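# Observations on chain architecture
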Amino acid sequence: MQSEFFLVSVTLEDIPNHGTIHFVCNSWVYNAKSYKRDRIFFANKTYLPNETPTPLVKYRKEELENLRGDGKGERKEYDRIYDYDVYNDLGNPDKSNDLARPVLGGSSAYPYPRRGRTGRKPTTKDSKSESPSSSTYIPRDENFGHLKSSDFLTYGIKSIAQTVLPTFQSAFGLNAEFDRFDDVRGLFEGGIHLPTDALSKISPLPVLKEIFRTDGEQVLKFPPPHVIKVSKSAWMTDEEFGREMLAGVNPCLIECLQVFPPKSKLDPTVYGDQTSTITKEHLEINLGGLSVEQALSGNRLFILDHHDAFIAYLRKINDLPTAKSYATRTILFLKDDGTLKPLAIELSLPHPRGDEFGAVSRVVLPADQGAESTIWLIAKAYVVVNDSCYHQLMSHWLNTHAVIEPFVIATNRHLSVLHPIYKLLLPHYRDTMNINGLARQSLINAGGIIEQSFLPGPFAVEMSSAVYKGWVFTDQALPADLIKRGMAVEDPSSPYGLRLVIDDYPYAVDGLEIWSAIQTWVKDYVSLYYATDDAVKKDSELQAWWKEAVEKGHGDLKDKPWWPKLNTLQDLIHICCIIIWTASALHAAVNFGQYPYGGFILNRPTLTRRLLPEPGTKEYGELTSNHQKAYLRTITGKTEALVDLTVIEILSRHASDEVYLGQRDNPNWTDDTKAIQAFKKFGNKLKEIEDKISGRNKNSSLRNRNGPAQMPYTVLLPTSGEGLTFRGIPNSISI
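Cut-offs used in this document
Residues numbered from 1 in each chain as written. Predicted model: local features only at pLDDT ≥ 70, side-chain atom pairs only at ≥ 80, totals over all residues. Heavy atoms only, no water. UniProt positions renumbered as here; feature names shortened; annotations may be inferred. Helix = DSSP H or I, 4+ residues; strand = E, 2+ residues; numbered from the N terminus. Rg over C-alpha atoms; globule rule 2.2 N^0.38 Å. Buried < 20%, exposed > 50% of the residue type's maximum accessible area, 1.4 Å probe, protein only. Contact = heavy atoms within 4.5 Å. Domains from an automatic or database assignment. Salt bridge = Lys/Arg side-chain N within 4 Å of Asp/Glu carboxyl O. Polar contact = N/O pair within 3.5 Å; in protein donor to acceptor, adjacent residues only side chain to side chain. Pairing = 2+ DSSP bridges.

For the protein chain, an unreviewed UniProt entry supplies the name Lipoxygenase and the organism Glycine soja. Taken from UniProt, the Pathway (unreviewed entry) comment for the protein chain reads in full: "Lipid metabolism; oxylipin biosynthesis." Per UniProt, the protein chain has the following entry under Subcellular location (unreviewed entry): "Cytoplasm".

Below you can see the structure in the form of C-alpha cells.
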C-alpha cells in the first residue's frame, strides 16, 4: 500500500493450543519504505520485564528503542517517536516582534512541564525558538484513527482562529460593546445578526454548523447556557457568586482562611508589603454578631485569593490597550444554611512608585442600592475575570493538559505495551498530545484565541509558568489538595479519612467518591502483578519510566523533595491514582462546565477593560443612571465574547465515540481474566456513585447543588451522551 491506514486490531482464530489470539493495535501503518525496522505488534498478554518469554525479549526491547528514537532531526508525519522539548514554539518573532514569547521550560525563570519534541528549525530572529507550523507533529499514533473528536476539534479551533475571529472583528469592530443585558441574552433567544458577507464566510464551515443555530439568512444563535435556563438574573446574586466557588467551573481554588489579615507569599524584597488591607471592621458588620476570631476558629471564613498570581503581572497587563484590572482577594462567610456569603472584595494595583512599595488597595463591601451596588457588582466581575483567567490557564491548561503530557511521553518510551502499568494508564492518555499540539497552534500561541479574549493577553501562558513553580505532584491527589486548602481535616472516623469543613461542597463530596473508586481499582489491578515492594524496585522498565518522567518530563522541578521514590507498592498505586485522577475526573470537573457557566458572558467575563470610575466623573454618574451600561463597558466586549462562546462550546462538548471512566474501547484490552473482573467491579462502583450523585442533586436541603441558578452539580457524573451535556468523565484529556 502506498497510503497510510489505521490498524485497529488483528484477531487470529483457531490457533493450536491457543484458540483465539487478540492483537489490539490502534496504530497507523505506512509503506515499509518509511521504516528502518519492521513494525512489531504484540498480543494482548501482560508480562513484567523479568517474566517476558525469552523469544519476546528482543522484540520488547527493540520496540521501545524505536519509540524513543535518537533525538535528532525534524519529525516526519509517519514517525512514532516520543521525545521531550521545552515550550519554545508559542511565539512567532519572525512575523513580528510583538509575537515573540519567552521559552517556557529549561530555566529557573520560566519552569514548565515538557512537551513532545517536533525538531522543527529555529526562527531567524531567535535561535532558541522553534518555527511555527500549520501542522504540528505529534507521534503518529497519538492522532487516533477512530476519534471523531480529533477532526471536530482540529477544524473547529482552526476555523475560529483563521476565519471566525477575523470575521467577527470585521463585522463588529475591535471595541464593540453590548448595550444592555438583554443584548447578551439575545445571543441565545433571538440570535445575532451578521452581515451577509460575514455569514457567507462562516456558514460553509461544517464544524460550525453544529455550534451555531441559524434562524433565517443572517442570524447566528448560540444554545442557551444552563446558568440562565431557569433564571435570567440569578447570576447577579451574592449566593450564586459564592456557590460557584464550590460547584462552578473552577471549584478547586477556594481556601479556608487560616490567618487574618491574609498574607502574600511574594518576596517582600521585590514586591514590598502585600499584606491585605481588609480589616476586622470591614467583615464584622456582616458576621451576624460573631467576631473575626470566632469565625476563624469555627472554620467559617473562606478566601478566593487571586492576589499573588496577578499583582506580579498587573503593571504589564494594565499597560495593554485592551485591559485594565485589579488583583483580587475575596473573603466569604459560611452561613448556617451551608451557603457562602461574600463579605469583602479587595482590589489591588501595583504601587505607582514601583513594585517594592507594595500594592495600592481598595476594599469594596456588599451594597444593594445606588452607585455602591453597581460598584459591588463590578467588583465581583473583577474577581470572576481573575478566576476565569486562572481557571483557563492554570486549573485547566497547566494542571491537567500540560502536566500530564510528560507522563504520556515517558510511558511510551519506557513501558512496553506488554507491561501491566502501560495497559492501566494508556486509556488516560488518549489524544492528549493531539489536543495539546492543537492548543499550541491556535489557542495558547502568540496572538492566539486565549491571548485575544482573556485578560493577561500576551502574558497569559507566561503567568502559568510562575504558578508551575509552586506545583506539587502529590498535592494533585484530591484528599491532599483538600487538606492543603484547609477545606478538609484528617479524621479517621469519617469516610475516606477526611472530614469536610463545608459539608455541602459538591466538588469534594462527589470527587472523593470517584477518587476512592479509582484508588480501589488501581490497588486491585496493581496487586495482581506485584506481590512485594521488592518486585516494584526490581522492575527495570517501571523504574526507568518514573526516573525519566521526573528528571526529564518535569525536569525543572526534578530536585523537589516531594516526588515519590517508587520504592513500594503503595508508591506505585498512589502515583497511578494521581495520574488517572488528573487526566479524568479533575479535567472533567474544570472542563465540562465551561459553556454552562461561561457561555453567559455576564456571569463569567474574561476581560475587564477599565478600572472603577472616580467620583465626580461622567462614568461614575453612570453607575447610578445606567448600571447595565456601566457593567458592560467594563467587561468583555462583543467580539471577544462571541469568540469565547464559540471556543468554550467546542471544548465543553462530548464526541459520539467518547470513552468514559470505567469503560474501555476494546473488550480485549487484556487476556488477564482477573484484571477484567477487577475492571468490571470498578465500572459497577461508578454506576453506584452515579446514582448517589443523582440522589444528592435532588436533595433540596443541599443549597450548593442547585442555588439561585438551579444548576445541579453534574460534571462528575461518570457517563454522558454526545454533545453539550454538562456531565461525564472521559478517561482522558481529549478536549
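## Quick word on the overall build of the protein chain
From N to C terminus, the protein chain includes 25 helices and 14 strands. Here the C-alpha atoms of the protein chain give a radius of gyration of 26 Å, agreeing with the 27 Å that 2.2 N^0.38 yields for 735 residues. When the backbone C-alpha atoms are referred to their principal axes, the protein chain occupies close to 90 × 65 × 55 Å. Classification of the 735 residues of the protein chain by burial places 61% in the buried group. Across the protein chain, every contact between residues at least 6 apart in sequence was considered, and the portion connecting residues at least 24 apart equals 74%.

## Things to note about the domain arrangement of the protein chain
Here the protein chain is partitioned into domain 1 (1–41) and domain 2 (253–392). Each of domain 1 and domain 2 has a C-alpha centre, and these two points are 58 Å apart.

## Observations concerning the pattern of salt bridges
Here the structure, examined in full by the defined rule, presents 52 salt bridges. K232 is paired through a salt bridge with E189; the nearest N and O atoms lie 3.4 Å apart. With K232 in the loop between β7 (219–221) and α6 (238–247) and E189 in helix α3 (residues 181–189), the pair connects residues that are 43 residues apart, well separated along the chain. K232 sits in the partly exposed class, given a relative accessible area of 45%. We classify E189 as partly exposed; its relative accessible area is 44%. Two residues, E622 and R610, come together in a salt bridge whose shortest N-O distance is 3.9 Å. A residue pair is termed long-range when its members are at least 10 positions apart, and E622 in helix α22 (residues 618–625) and R610 in the loop between α21 (594–598) and α22 qualify at 12 residues. According to the relative accessible area criterion, E622 is buried, its value standing at 12%. Each member of the salt-bridge network shares a partner with another, and the members are D85, D89, R115, R120, E130 and R440.

## What about unusual backbone geometry?
What you tend to see is this: most non-glycine residues have negative phi, and most peptide bonds are trans. Omega for the peptide link from F260 to P261 comes to -5°, which places this bond in the cis form. Residue Y496 is not a glycine yet carries a positive backbone phi of 65°. On the secondary structure map, Y496 appears in the loop between β13 (488–490) and β14 (498–500). With phi around 55°, L566 is a residue other than glycine that occupies positive phi space. Mapped onto the elements, L566 comes out in the loop between α19 (540–553) and α20 (569–591).

## Focus: the UniProt feature "domain: PLAT" (unreviewed entry) in the protein chain
The sites that carry the UniProt feature "domain: PLAT" (unreviewed entry) are, in the present numbering, residues 1–43. Within residues 1–43, the helical portion is 0% and the strand portion 51%, while the C-alpha atoms at the span's ends are 24 Å from each other.

## A closer look at the environment of T582
Position of T582 among the secondary structure elements: in helix α20. Through-space distance from the C-alpha of T582 to that of S464 is 17 Å; in sequence the pair is 118 residues apart. Setting aside its immediate chain neighbours within four residues, T582 contacts N399, T400, V403, I404, Q476, H587 and I733. A polar atom in the side chain of T582 sits 2.7 Å from the backbone oxygen of I578.

## Details of the pairing of strand β2 (residues 19–29)
As judged from the 8 bridges shared by strand β1 (residues 5–15) and β2, these two strands associate in the antiparallel manner. Across the sheet, V10 pairs through a bridge with F23, a residue of β2. Between β1 and β2, which pair antiparallel one after the other, the connecting turn spans 3 residues, and N17 there sits at a positive phi close to 70°.

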